[in-house]
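Geometric and topological summary
One letter stands for each residue in the lines below.
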Amino acid sequence: MSAASCLLTEDQFLCSICLDVFTDPVSTPCGHNFCKTCITQHWDKNDKCQCPNCKKTFNTRPELQVNTFISEMAAHSSEQQVSKPGEVPCDVCTGTKLKALKSCLVCLASYCETHLEPHLTMSGLKRHQLIDPVENLEDRMCTKHDKLLELFCKTDQMCVCMLCTYSDHKTHDVVPLKEEYEGKKAELGKRDAEIQQMIQKRRLKIEEMKCSVELSKKDADREIAAGVQVFSALKESVERSQAELIDTIKEKQRETEKQAEGFIKELEQEISELKKRSSEVEQLSQSEDHLHLLQSFPSLNAAPPTKDWTGVSVRPPSYEGTVVRAVNQLEETLSKQMKEAELKRVQQYAVDVTLDPDTAHPELILSDDGKQVYDSDVKKNLPDNPERFDTCACVLAKQSFSSGRFYYEVQVKEKTKWTLGVARESINRKGPIILTPQNGYWMICLRNKYECNVFADPPVRLFLECRPEKVGVFVDYEEGLVSFYDVDAAALIYSFTGCCFTQKLYPYFSPCVNDGGKNSAPLIISPVNHTE
């Protein structure tokens, strides 16, 4: 079949009616071939039963015979693909070029399935090296010796032919092309693995960034909601203060009007009495009755009883300082609300914290639930493990934090001394300890009723308006922030800012020494009651 197919052109497999490759090819008595459907429909549409090619007319519609040879050849031809742009065409095909399946490095030609057959069957051609089809096979020939480039010069990093090894590349390190190919292919495999790893890392980074954006959006939504709530409360406070100010001023005005109305009513009453007396006096003065005038004169001559209005006046109320006092009061209210809002904001990051007995100084007594600690003044015999503090009366939490935000509250009621804060994982736990950020400690402590010391560099001494009974500790790891709050007063005590955290952080607790019972009250890790 292959030999026959070489003798036939593509046009011989096309139906002259539909101009496409035969489908169910049949032959007419005159010897012409058509698709069965095409010729049947052609005769159905025309009165004459005539061959479309030679115009021979048949008196009766002839019986059509299936052309098995053409059918097989058409099917075989349709299986082979016509070469498309960008594909290597067969160098032997005339007319329509079919897609090449292989290229021969000996013949320097590319072949479709039909024209490749001799290389697969003939003994002489079977020894030729076949590769996947490529264009410009002449580029695989040495331009100097016109021989196949089948070697690789590692010295000059170029492909050479056999004759090149006897001339320009005589003393060079030359290997077969396949050997260098295998080496370079292995390198490419390694490089591809590296690239895939880089791709994976970047995909993970994308997911990390998407996660960060999502967290940021949640934080933003939460902050917006909190902000709207705070500003709504502030707006209500301003409107309420404004209304109270207006009511105060109006009340003063009403009192002034009421006082004036009382005075006016009294004056009008006196005027009425005076008018009445004036009328009586005028009437008596016109009387001709001498006796009546003389008898009535004593009672009418005296003025009716009236009030001395000389020192009486209505003074406009003074509004001096009314607005200032209202604004000052509003400022106090807003300040309190802002403090409460800030505390409420950090309280939403509350975490559950328990004390770690493996880190506790031997004098400390911990509750069974890990929520309370106090100093007993008695040193217990405990294993001196690396985690345990042996000099400073303190203990760490079991929980550690290496990202995000966290908050917890500690009751310090009835204590005269205490120290609270956070410490990094690598702190020194043996011997004397210097509580500074440089050494991994971010701490504040109470040393007397109203004096609070901050272990900063340099140290800071704070004088509190009132002694805290409950202290809140808030940490923003990425922001480098450690803040301490007086929970009951909703007031910020102190903040460490600009910190650089690179290790795990542990909550730190020190009830300080018992001091003969004066400081025996425990530190208590308290559940957070969110400020309303």
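Before reading on, note that the structure itself is shown above.
An account of the accompanying structure is given in this report. Just so you know, these numbers come straight off a predicted model, no measurement behind them. (Residues numbered from 1 in each chain as written. Predicted model: local features only at pLDDT ≥ 70, side-chain atom pairs only at ≥ 80, totals over all residues. Heavy atoms only, no water.)

On to the packing of helix α6 (residues 177-285) against helix α7 (residues 290-301), then. Where α6 contacts α7, the axes come no closer than 11 Å and their chain directions differ by 160°. The angle between α6 and α7 falls in the class roughly antiparallel. Crossing hand, α6 versus α7: left-handed. Across the interface between the two elements, R277, E280, V281 and L284 of α6 pack against H292, L293, S296, F297, S299 and L300 of α7. (Axes fitted to C-alpha atoms, helices over the stretch in contact; angles between N-to-C directions. Helix = DSSP H or I, 4+ residues; strand = E, 2+ residues; numbered from the N terminus. Parallel < 35°, antiparallel > 145°, perpendicular 65-115°, else oblique. Left-handed = near helix turned anticlockwise from the far one by under 90°. Contact = heavy atoms within 4.5 Å.)

So, on to the environment of D486. Structurally, D486 is set in strand β21 (residues 481-486). Each C-alpha atom of the pair D486 and F297 lies 86 Å from the other, and the pair is 189 residues apart in sequence. With near-sequence residues (within four places) excluded, D486 lies in contact with C466, P468, K470, A491 and I493. Of the polar contacts made by the side chain of D486, one reaches the backbone nitrogen of D488; its length is 3.3 Å. A polar side-chain atom of D486 sits 3.3 Å from the main-chain amide nitrogen of A489. (Polar contact = N/O pair within 3.5 Å; in protein donor to acceptor, adjacent residues only side chain to side chain.)

Right, let's get into the pairing of strand β16 (residues 418-424). Counting buried positions along β16 yields six of seven residues, so the element is predominantly enclosed. Of the pairings in the sheet, the one linking β16 to strand β17 (residues 441-446) comprises six bridges and is antiparallel in character. In the strand pairing of β17, V422 is matched with W442. Looking at chain direction, β16 and strand β23 (residues 505-510) are connected through six bridges and run antiparallel. (Buried < 20%, exposed > 50% of the residue type's maximum accessible area, 1.4 Å probe, protein only. Pairing = 2+ DSSP bridges.)

What follows covers the pattern of salt bridges. Considering all chains together, one arrives at 19 salt bridges under this definition. For K307, the salt bridge is made with E266, and the minimal N-O distance between the two is 3.7 Å. Separated by 41 residues along the polypeptide, K307 in the loop between α7 and α8 (322-347) and E266 in helix α6 bring together distant segments of the chain. Residue classification places E266 among the partly exposed residues on the basis of a relative accessible area of 36%. In this structure, the salt-bridge partner of K430 is D384, at a minimum N-O distance of 2.7 Å. With a gap of 46 residues between them, K430 in the loop between β16 and β17 and D384 in the loop between β13 (372-375) and β14 (395-396) connect regions that are remote in the sequence. Using a relative accessible area of 27% as the deciding quantity, one classes K430 as partly exposed. (Salt bridge = Lys/Arg side-chain N within 4 Å of Asp/Glu carboxyl O.)

Now for the packing of aromatic side chains. One pass over the structure, following the stated rule, counts eleven aromatic pairs. Between the aromatic rings of F401 and F406, the centroid separation amounts to 4.0 Å while the plane-to-plane angle is 15°, which identifies the pairing as stacked. With respect to burial, F401 and F406 carry one shared label: buried. The rings of F389, Y441 and Y508 are connected pair by pair, giving a single aromatic cluster. The ring of W309 has K307 sitting right over it, with the charged end atom 4.7 Å from the ring centre. (Phe/Tyr/Trp six-rings, centres within 6.5 Å; stacked < 30°, edge-to-face > 60°. Lys NZ or Arg CZ within 6 Å of the ring centre and 35° of its normal.)

Right, let's get into α6. Look at α6: 155 Å from first C-alpha to last across 109 residues, which is about the 162 Å you get at 1.5 Å a residue. Buried residues of α6: E180, V230, L234, S237, S241, L245, T256, A260, F263, E270 and L284, and no others. Where α6 is buried, its residues meet β9 (151-153), β11 (174-176), α7 and α8. (Expected span 1.5 Å × (residues − 1).)

Here three strands make up an open sheet; going across it, the order is β2-β1-β5 and the pairing antiparallel. Unpaired on one side and paired on the other, β2 (33-35) and β5 (65-66) mark the two borders of the sheet. Across three bridges, the pairing between strand β1 (residues 25-27) and β2 is antiparallel. Within β2, the residue paired with S27 across the bridge is N33. In the packing of helix α2 (residues 36-45) onto the sheet, contacts are made with β1 and β2, and the angle to β2 comes to roughly 90°.

What follows covers the sheet that holds strand β22 (residues 491-496). The sheet built from seven strands is open, its strands ordered β12-β13-β24-β15-β20-β21-β22 with antiparallel pairing. Among the strands making up the open sheet, the edge pair consists of β12 (364-366) and β22. Each adjacent strand pair in this sheet contributes to an overall mean axis angle of 20°, direction not counted. Two elements, strand β15 (residues 405-411) and strand β24 (residues 523-526), share three bridges in a ladder whose sense is antiparallel. Paired with V410 across the bridge in β24 is I525.

So, on to the pairing of strand β20 (residues 470-476). β20 sits mainly inside the fold: seven of its seven residues count as buried. Across the two faces of β20 the burial is the same, with K470, G472, F474 and D476 and V471, V473 and V475 all buried. Across seven bridges, the pairing between β15 and β20 is antiparallel. Each residue of the ladder has a partner; that of Q411, found in β20, is K470. As judged from the six bridges shared by β20 and β21, these two strands associate in the antiparallel manner. Pairing of V475 across the sheet is with V482, part of β21.

These figures come from the coordinates and say nothing about function on their own.
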